[in-house]
Amino acid sequence: MRPLMKIISALVVLVFICTNVSAENSNNTTSNYDYCLNQCVSLGILKGDDEGIRPYLKITRAEAITAIIRVFSLEEVAGNNFGTTAFKDVPKTHWASGCINTGFIRGIVSGESDGMFYPENNVTRFQLIKMLVCALGYDEAGLQNNYPSAYLKCAADIGLITSEPKEDDVLTRSAAAELLYGSLFVPVLDKTSGKQDS
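Presented here is a report on the structure given in the accompanying data block. (Residues numbered from 1 in each chain as written. Predicted model: local features only at pLDDT ≥ 70, side-chain atom pairs only at ≥ 80, totals over all residues. Heavy atoms only, no water.)

## A closer look at the overall build of the chain
Check the secondary structure of the chain and you find nine helices and two strands. When the elements of the chain are put in sequence order from the N terminus, they spell out α-α-α-α-α-α-α-α-α-β-β. Across the 198 residues that make up the chain, the buried fraction comes to 45%. Long-range contacts, defined here as pairs at least 24 residues apart, represent 68% of the contacts in the chain between residues at least 6 apart. Carbon and sulfur atoms provide 54% of the accessible area of the chain, an area that totals close to 10,400 Å². (Helix = DSSP H or I, 4+ residues; strand = E, 2+ residues; numbered from the N terminus. Buried < 20%, exposed > 50% of the residue type's maximum accessible area, 1.4 Å probe, protein only. Contact = heavy atoms within 4.5 Å. Areas by Shrake-Rupley, 256 points an atom, 1.4 Å probe, with all protein chains shown as cover.)

In structure tokens, the structure reads:
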């Protein structure tokens, strides 16, 4: 399903370029964050509520793993995993329990050493990068003992980020969108063959 997301994304980009090239030439005020946020909304990766997307709102850990599940087209799997979780602070009725379970089963999230996931805590840049590196299949054993530096280096090596960030800041939806949208263009590593699936 992920290749379909890439095709849809490419078509959205093409339409955007064709319809907005003159506007971009005359007024280049749209930031990369805004562009990525618009793409994530168009693709259904990020969704707003009755008040809209609210780009400067902080994104929670539950929202982050839910967005990652959407990036990798795992919504049906997450629906089947709705219920009891491995985390003491995520009840089986939590709206994101299926996504959190799917993330845990697939090694995308592991929670904290106290057995908690802290779903309503804001996600940080390093945490989201680590989740995406794992979701893309690059979570070798050596990385786990060297968080966050090994994950940041890996993310830079695979093209998820252009340079290693120095600050582990709490992310807004716009800032998270840049990483989420960028992950669509990183090849997924097939762990059985060790080959990249572009």
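## Examining helix α3 (residues 61-71)
Of all 11 residues making up α3, 10 are buried, and the element is well covered by its neighbours. Within α3, the full set of buried residues consists of Arg-61, Ala-62, Ala-64, Ile-65, Thr-66, Ala-67, Ile-68, Ile-69, Arg-70 and Val-71. Downstream of α3 by a residue or two, Ser-73 has a phi angle that is positive, lying close to 55 degrees.

## Focus on the pattern of salt bridges
Scanning the model with the defined rule gives five salt bridges in all. Where Lys-153 meets Asp-157, a salt bridge forms, and the shortest distance between an N and an O atom there is 2.9 Å. With Lys-153 and Asp-157 both in helix α8 (residues 149-157) and four residues apart, this pair spans about one turn of that helix. Overall, Asp-157 belongs to the exposed group, its relative accessible area being 54%. In the salt-bridge network here, residues are joined through shared partners; they are Asp-49, Glu-51 and Arg-54. (Salt bridge = Lys/Arg side-chain N within 4 Å of Asp/Glu carboxyl O.)

## Examining the side chain of Thr-85
Position of Thr-85 among the secondary structure elements: in the loop between α4 (75-80) and α5 (97-105). From its side chain, Thr-85 meets the backbone oxygen of Val-90 in a polar contact 2.9 Å long. Each residue touching Thr-85, except ones within four places of it in the same chain, is listed here: Val-90, Ser-97 and Asn-101. (Polar contact = N/O pair within 3.5 Å; in protein donor to acceptor, adjacent residues only side chain to side chain.)

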